[in-house]
Amino acid sequence: TAGITQAPTSQILAAGRSMTLRCTQDMRHNAMYWYRQDLGLGLRLIHYSNTAGTTGKGEVPDGYSVSRANTDDFPLTLASAVPSQTSVYFCASSESEGQGDTEAFFGQGTRLTVV
Amino acid sequence: QKEVEQDPGPLSVPEGAIVSLNCTYSNSAFQYFMWYRQYSRKGPELLMYTYSSGNKEDGRFTAQVDKSSKYISLFIRDSQPSDSATYLCAWWGTSYGKLTFGQGTILTVHP
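Within each chain, residue numbers correspond to sequence positions counted from 1 in written order. Chains carry letters from A onward and ligands carry numbers from 1 onward, assigned in written order. Two thresholds apply to this predicted model, a pLDDT of at least 70 for residue-level local features and 80 or more for giving and counting side-chain atom pairs, whereas whole-chain, interface and lining totals are computed over all residues. Side-chain metrics rest on all non-hydrogen atoms present in the structure, leaving aside hydrogens and water.

Peer 1: How would you sum up the state of the cysteines? Please name residues and give values.
Peer 2: Residue and element names in this part refer to chain A. Working definition: a disulfide is two cysteine sulfur atoms within 2.5 Å of each other. What the rule picks out here adds up to 2 disulfides over all chains. Note that C23 is cross-linked by a disulfide to C91, the S-S spacing being 1.9 Å. Classification of the bridge connecting C23 and C91 rests on its S-S torsion, roughly -70°, and on that basis the disulfide is left-handed. Taken together, the residues C23 in strand β3 (residues 19-25) and C91 in strand β9 (residues 87-94) connect sequence positions 68 residues apart. Buried means the residue's accessible area, taken with a 1.4 Å probe over protein chains only, is under 20% of the maximum for its type, while exposed means over 50%, and partly exposed covers the values in between. Relative accessible area serves as the criterion here: at 3%, C23 is assigned to the buried category. Under the DSSP-based scheme used, a helix requires at least four consecutive residues in state H or I and a strand at least two consecutive residues in state E, with every element numbered from the N terminus.

Given below as structure tokens:
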């Protein structure tokens, strides 16, 4: 079972350009999440989706947008990249909206450098 | 103020040492607490979870919660080089109702 697949693995992007980070899961999980991980700040939630067709804002949503057209895919788009968006991005999913001991599963991450 | 605080380390110990990793949290409503482990250039993976106060043991790992002091601990006995990773405390928090992480502690176990 592949679990969660993210693409690309890494990318160097010129400031001002747009980019979509792809995320696909094969576990039929209802909930999906995008986090960014920065040294000293840990993992911070960007956007989430509790089910196909719905999305919500997390802790750091500015400059990012998401869509959830179906259960399996949850792309993250940077409309006009800025250097502060240099980070490692993780996509995650859980069987249902998280509570208690619900386990979240993570992809391998996308390393993005904005220059 | 973040809902949880975790010492980022880094922490370096010799093989065989007992390791103590800690988090403090502010919201007394939290009941389930989790520890995720993240190897270099990988995504986090759930290591173990514990409910409310008390201990939970899984092999060389023990998770402990002290609700009176709002303190979460992960103990690793007989630490191995393969335990070298970043350890993150986590819970399904009230902020955005989503999985919230501490800053993570970088652990290195050297032979």
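Back to the write-up after that little detour.
Peer 1: Tell me what's going on with the pairing of strand β6 (residues 54-58) of chain B, and back it up with residues and numbers.
Peer 2: Residue and element names in this part refer to chain B. For β6 and strand β7 (residues 61-66), the ladder comprises 5 bridges, and the chain directions are antiparallel. Residue pairing across strands places N55 opposite Q64, the latter belonging to β7. DSSP calls a pair of strands paired once it identifies at least 2 bridges connecting them. Where β6 folds back on β7, the antiparallel hairpin that results is connected by 2 residues, among which G59 adopts a positive phi of roughly 65°.

Peer 1: Residues and numbers for the pattern of salt bridges, please.
Peer 2: Residue and element names in this part refer to chain A. For salt bridges, the criterion is a side-chain nitrogen of Lys or Arg within 4 Å of an Asp or Glu carboxyl oxygen. Applying the stated criterion across every chain yields a total of 5 salt bridges over all chains. Between R28 and D72 there is a salt bridge, with the nearest N and O atoms lying 2.9 Å from each other. Separated by 44 residues along the polypeptide, R28 in the loop between β3 and β4 (31-38) and D72 in the loop between β7 (64-66) and β8 (76-78) bring together distant segments of the chain. Since its relative accessible area comes to 55%, R28 is described here as exposed.

Peer 1: Hey, could you go over the packing of aromatic side chains for me, with residue numbers and the actual values?
Peer 2: Aromatic rings from Phe, Tyr and Trp, with only the six-membered ring used for Trp, were paired whenever their centres fell within 6.5 Å, and each pair was classed as stacked if the ring planes differed by under 30 degrees, edge-to-face if by over 60, and tilted otherwise. Evaluation of the coordinates by the stated rule reveals 11 aromatic pairs over all chains. Between Y32 of chain B and Y51 of chain B, the aromatic rings sit 4.8 Å apart at their centres with planes inclined by 55°, giving tilted as the arrangement. A residue pair is termed long-range when its members are at least 10 positions apart, and Y32 of chain B in strand β4 (residues 32-38) and Y51 of chain B in strand β5 (residues 45-51) qualify at 19 residues. On the basis of relative accessibility, which here comes to 28%, the residue Y32 of chain B falls in the partly exposed class. The class of Y51 of chain B is partly exposed, set by a relative accessible area of 43%. What links up through ring pairs into an aromatic cluster is the set Y33, Y35 and F106 of chain A together with Y36 and F101 of chain B. Only Lys NZ and Arg CZ are tested; either one counts as a charge over a ring when it is within 6 Å of the ring centre and within 35 degrees of the ring normal. Above the ring of Y49 of chain B, the side-chain terminus of K56 of chain B is found at 3.8 Å from the ring centroid.

Peer 1: I'd love a proper account of the interface of chain B and chain A, names of residues and values included.
Peer 2: Counting residues at the interface gives 19 residues for chain B, matched by 27 residues for chain A. Buried area adds together the accessible area that both of two parts lose upon being put together, with accessible area traced by a 1.4 Å probe. In total, chain B and chain A occlude about 2000 Å² of area from one another, counting both sides; carbon and sulfur atoms represent 59% of this. Our count for the chain B to chain A interface comes out at 0 salt bridges. Any N or O atom pair separated by 3.5 Å or less is treated as a polar contact, with the protein-specific requirement of one donor-capable and one acceptor-capable atom, and with residues adjacent in sequence counted only for side-chain atom pairs. Here chain B is connected to chain A by 3 residue pairs in polar contact (both at pLDDT 80 or more). Counting residues per element, the side of chain B that touches chain A draws most heavily on β4 of chain B, which supplies 4 residues. For the side of chain B that touches chain A, the per-class residue count stands at 11 nonpolar, 5 polar and 3 charged. What makes two residues a contact is simply this: any of their non-hydrogen atoms within 4.5 Å. Lys, Arg, Asp and Glu make up the charged group, whereas Ala, Val, Leu, Ile, Met, Phe, Trp, Tyr, Cys and Pro make up the nonpolar group; the residues left over, Gly among them, are polar.

Peer 1: Go over the environment of V115 of chain A with me, naming the residues and quoting the values.
Peer 2: Residues and elements named next belong to chain A. As for its placement among the helices and strands, V115 is situated in the segment after β11 (110-114). Taking relative accessible area as the criterion, V115 reaches 61% and is therefore assigned exposed. Each C-alpha atom, one on V115 and one on W34, is 22 Å from the other, the two residues being 81 residues apart in sequence. With residues near it in sequence (within four places) discarded, V115 still touches I12, L13, A14 and A15.

Peer 1: So what about the sheet that holds strand β3 (residues 19-25) of chain B? Which residues, and what values?
Peer 2: All names here are of chain B. Strand order in the open sheet formed by 5 strands is β1-β3-β8-β7-β6, and the pairing between neighbours is antiparallel. A single partner strand is all that each edge strand has here, and the edge strands are β1 (4-6) and β6. Adjacent strand axes in the sheet meet at a mean angle of 15°, parallel and antiparallel pairs treated alike. Pairing of β3 with strand β8 (residues 71-76) involves 6 bridges; the strand directions are antiparallel. The residue bridging L21 from the neighbouring strand is L74, located in β8. Axis lines are fitted to C-alpha atoms, over the contacting stretch for helices. Their N-to-C directions set the angle, which ranges from 0 to 180 degrees.

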